[in-house]
Structures are given as C-alpha cells and as structure tokens.
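# Chain and residue survey
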Amino acid sequence: MPGHRGGPGPARFRPRRATPAGTTARPRRRGPLSYWRQYLAISPFYLIFAAFSFFPVFYSLYLAFQRWDGLGTMQFVGLQQFRFLWDDPVFWLSIRNTLVIWVLSTVPTLFGALMLATLLHSVRRFKGFYRIALYLPNVTSIVAVAIFFGAVFSNNFGLVNAILGTVGISPVPWLSNPWLIKLVIALLMTWMWTGYNMIIYLAGLQAIPASIYEAAKMDGAGPVRTFFRITVPIMRPIILFTVIISTINGLQSFSEPQVLFASNAANANLGGPGQAGLTTLLYFYQSAFLNNDYGYGAAIVWAFFLLIIVLVAVNWRITQRGRKP
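Residues numbered from 1 in each chain as written. Predicted model: local features only at pLDDT ≥ 70, side-chain atom pairs only at ≥ 80, totals over all residues. Heavy atoms only, no water.

## Some points on the overall build of the protein
In terms of regular secondary structure, the protein is built from 13 helices and two strands. When the 325 residues of the protein are sorted by exposure, 34% land in the buried category. In the protein, the share of contacts with a sequence separation of at least 24, taken over all contacts with a separation of at least 6, comes to 67%. Taken as a whole, the protein presents about 21200 Å² of accessible surface, with 67% of it coming from carbon and sulfur. (Helix = DSSP H or I, 4+ residues; strand = E, 2+ residues; numbered from the N terminus. Buried < 20%, exposed > 50% of the residue type's maximum accessible area, 1.4 Å probe, protein only. Contact = heavy atoms within 4.5 Å. Areas by Shrake-Rupley, 256 points an atom, 1.4 Å probe, with all protein chains shown as cover.)

## Regarding unusual backbone geometry
Here the phi dihedral of Phe-126 falls at roughly 60°; this positive angle occurs in a residue that is not glycine. Residue Phe-126 is classed as exposed on the basis of its relative accessible area of 54%. Even without being a glycine, Gln-275 presents a positive backbone phi close to 55°. The residue Gln-275 is located in the loop between helix H11 (255-260) and helix H12 (280-290) in this model.

## Quick look at the nonpolar core
By size, the foremost hydrophobic cluster in this structure holds 21 residues, and its most contacted members are Phe-153, Trp-174, Ile-185, Leu-188 and Leu-260. Elements with a contribution of two residues or more to this core: helix H5 (142-152), helix H6 (159-166) and helix H7 (178-206). No other element matches H7, which puts seven residues into this core. Counting 18 residues, the second largest nonpolar core, distinct from the first, contains Leu-240, Tyr-296, Phe-304 and Leu-311. (Core = buried A, V, L, I, M, F, W, Y, C linked by side-chain atoms within 4.5 Å.)

## Looking at a nonpolar patch on the surface
Taken together, the side chains of Tyr-35, Tyr-39, Ile-42, Phe-45, Tyr-46, Phe-49, Phe-54, Val-57, Phe-58 and Leu-61 define a hydrophobic patch exposed on the protein surface, amounting to about 1000 Å² of accessible area. Relative to the assigned elements, Ile-42 resides in helix H1 (residues 36-63). Exposure remark for Ile-42: the relative accessible area of 44% places this residue in the partly exposed category. (Patch = residues over 30% accessible without salt bridge, like charges linked within 9 Å, V, L, I, M, F, W, Y side chains within 5 Å. Salt bridge = Lys/Arg side-chain N within 4 Å of Asp/Glu carboxyl O.)

## Things to note about H5
Residues lying three or four places apart along an α-helix face the same way, a consequence of the helix completing one turn every 3.6 residues. For H5, the full list of buried residues reads Val-145, Ala-146, Phe-149, Gly-150 and Val-152. Seen end-on, H5 carries its buried residues on one side only, within an arc spanning 165°. (Arc of directions from axis to C-beta.)

## What to know about the side chain of Lys-182
Positionally, Lys-182 belongs in helix H7. Those residues in contact with Lys-182 that lie beyond four places of it in its chain are Asn-97, Val-100, Ile-101, Leu-104 and Ala-276.

## Some details on the packing of aromatic side chains
In the structure shown here, the tally under the stated rule is 23 aromatic pairs. Consider the rings of Trp-68 and Tyr-294, whose centres lie 5.7 Å apart with planes at 45°: the pair is tilted. With Trp-68 in the loop between strand S1 (66-67) and strand S2 (75-76) and Tyr-294 in helix H13 (residues 294-320), this residue pair connects regions lying 226 residues apart in the sequence. The exposure class of Tyr-294 is partly exposed, given its relative accessible area of 23%. Grouped by ring-pair contacts, the aromatic residues Trp-68, Phe-254, Phe-284, Tyr-285, Phe-289 and Tyr-294 constitute a single cluster. The ring of Trp-179 carries the charged tip of Lys-182 above its face, separated from the ring centre by 5.6 Å. (Phe/Tyr/Trp six-rings, centres within 6.5 Å; stacked < 30°, edge-to-face > 60°. Lys NZ or Arg CZ within 6 Å of the ring centre and 35° of its normal.)

## Focus: the packing of helix H3 (residues 89-122) against H7
Where H3 contacts H7, the axes come no closer than 6 Å and their chain directions differ by 35°. In the crossing of H3 with H7, the sense of the turn from one axis to the other is right-handed. Each residue belonging to the contact of H3 with H7 can be placed in one class, and the counts come to 20 nonpolar, 10 polar and one charged. (Axes fitted to C-alpha atoms, helices over the stretch in contact; angles between N-to-C directions. Left-handed = near helix turned anticlockwise from the far one by under 90°. Nonpolar A, V, L, I, M, F, W, Y, C, P; charged D, E, K, R; others polar.)

## Some thoughts on the packing of helix H8 (residues 210-218) against helix H9 (residues 223-234)
Two elements in contact, H8 and H9, have axes whose closest approach is 11 Å; the angle formed by their N-to-C orientations is 155°. As the angle between them shows, H8 and H9 are arranged roughly antiparallel. Once H8 is placed against H9, the crossing between them reads as right-handed. Contacts between H8 and H9 pair Ile-212, Tyr-213 and Ala-216 from the former with Thr-226, Ile-230, Thr-231 and Ile-234 from the latter. Of the residues contributing to the contact of H8 with H9, the split by class is five nonpolar, two polar and no charged. (Parallel < 35°, antiparallel > 145°, perpendicular 65-115°, else oblique.)

## Overview of the environment of Trp-179
Relative to the assigned elements, Trp-179 resides in helix H7. It is 9.5 Å that separates the C-alpha atoms of Trp-179 and Asn-97, two residues lying 82 residues apart in sequence.

## With respect to the environment of Phe-305
Mapped onto the elements of the fold, Phe-305 is located in helix H13. Residue Phe-305 is classed as partly exposed on the basis of its relative accessible area, which comes to 40%. With 53 residues separating them along the chain, Phe-305 and Gln-252 place their C-alpha atoms 9.9 Å apart.

What follows is the structure in structure tokens.
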C-alpha cells in the first residue's frame, strides 16, 4: 500500500529487537507475591513454631510480672516475683545443685569424649562398630536410662552395692547422701552425652591433614606433645562449640532427677532426700505445675535464662583466652 511505504508496519508484524552480540537479556524481576506457592508450602512450619515456641516464650515473660494460678484472674504484681525469688532459699539451693551437677558432668564428658575420639581415630579395624556402640547411649530414652541408673545405684538392692559387698565394703547410700546424689546424676549425664561429643570430635580429627602429624613426627614430637601442641589448638573451635552446647544442656537437667526420685504431686520431697537433686528446672516444674503458681515459675525460668547467658559468655571468654587474633 503506498500510504504505508517506508513507515512501520502493523504492531503485530513488528520484528523483535535482536539482543546485541556479547550481551545477555536481563531476567524480569519477580515480586515477593509471585512466590506465594513456595511461601504457602513452608508456612505450616512457621505457624506451628509461632504457636508453640515463639508465642509461649514471650507469654512466659508476661506471666513473670503476674500472679496467676492458671484459672482465676491475673493480677499484675510488677517485680514482686523477682524480689521474692532473690530471697528464696530453695531457689538458690536449686542453683547450687544445678551448678555442681553441671561441673561434675561436663568436665569428664568433654575430656572423655576427646580421649575416645583420639583413640578411635587411630584404630584401623571395627571403627564403625565402635562409633555405633559409643553413640548408642545418646539415642536411648533418657527415662529408660534414669530408671536403669536408679536400679544400679539403689541403696539396698543396687548392682553397685552388690559388687562392693563381694569385696567386703558396706553398702554406699548412693541415693541418700547429698553429694552422692549429685554424683549419680552427673554420671548419668556423662554416660548419655559422651558419645555425642565424641562423634563431633572425631569429625574434627578426621579433617586434620595427615601431613601435619608426619611433619611433627619428623621433628621428633611424641604423641603427648603432638596432642597438646597440634591437635588441641587446631580443634579449638570445635572444643568451643562443644563447651557451649554442653553448658546449655548440662544446666537444663530435669528428667534425670525427676525420674530417679519419682517426683510427682504425691511426693513432697522433690529432688531426693534433702532436695540434693533439686535442679532449677525441676523447681520451676514444682512451682508452676504442682503448686499452680505460674507467675513465679515464669520468673524462675527467666532468671535461670539470664544465668545461662552469663555462664555461656564466661565459657566463651575462657576458651578464647590465649588465642591469637
């Protein structure tokens, strides 16, 4: 048609512009709403997390400033719960018990795990069997382990006292003496968590190049010097990780004394004789769910949370001391 000569054709017949050579076309940006299907697929996890983890944490902080028995009307009391907590001798007793049990369990757990990992790293045969055997206690039910330890260390009919009796030693009050109660709980926790930390240390040892040990051997370094001058410095970040995790787990001991001493509403002697096994979380359980004082129970766990933060920071500083920047 003469009227359209030299002019552009209809829009539907216009050719697309070719991309210049050596360049690539920019992908179109997609807005956040364009991924709604993916968000919908993962939303159940976040909804469950918000309902059963995120909300209860902040609601417990709100309860720490209230007096509430779980049924009646809440009464705002401000900082009275924390002032009473400061003067509560049972709370400080539970703190002392928790710290003693934590020290008695964490130190041998980490030291034994590192020793076992070093020995297992050097063996050549049956390595898989040893890994499974040493890790098995960690996947065993803690309730079953606590019942087993209660039977083994029983004052009257325990296996340990029966063995001691064969060599002429009188029965030991494992579950009656205040210090022995803490020792039994610490042994239980050590038996449960040594294999877990051993697997972590073993993974770290396997990542150390063999050429480093060969060079140390050529320089005349013995096994002990190699361990403290090469293995431990290289493993420092992993040791720091296990120290922090063991601190958090060790301070949260609850099921061990509860099962050992059958703590329930009918047993007023919570934590064993003299409350020697009363940990802080067990005292929280008693205050909130046995005495129906939910506000005071919330104050206990938040004060204990601050204590855990302080102890983790102290462990971090101690472990990092001497490290070159």
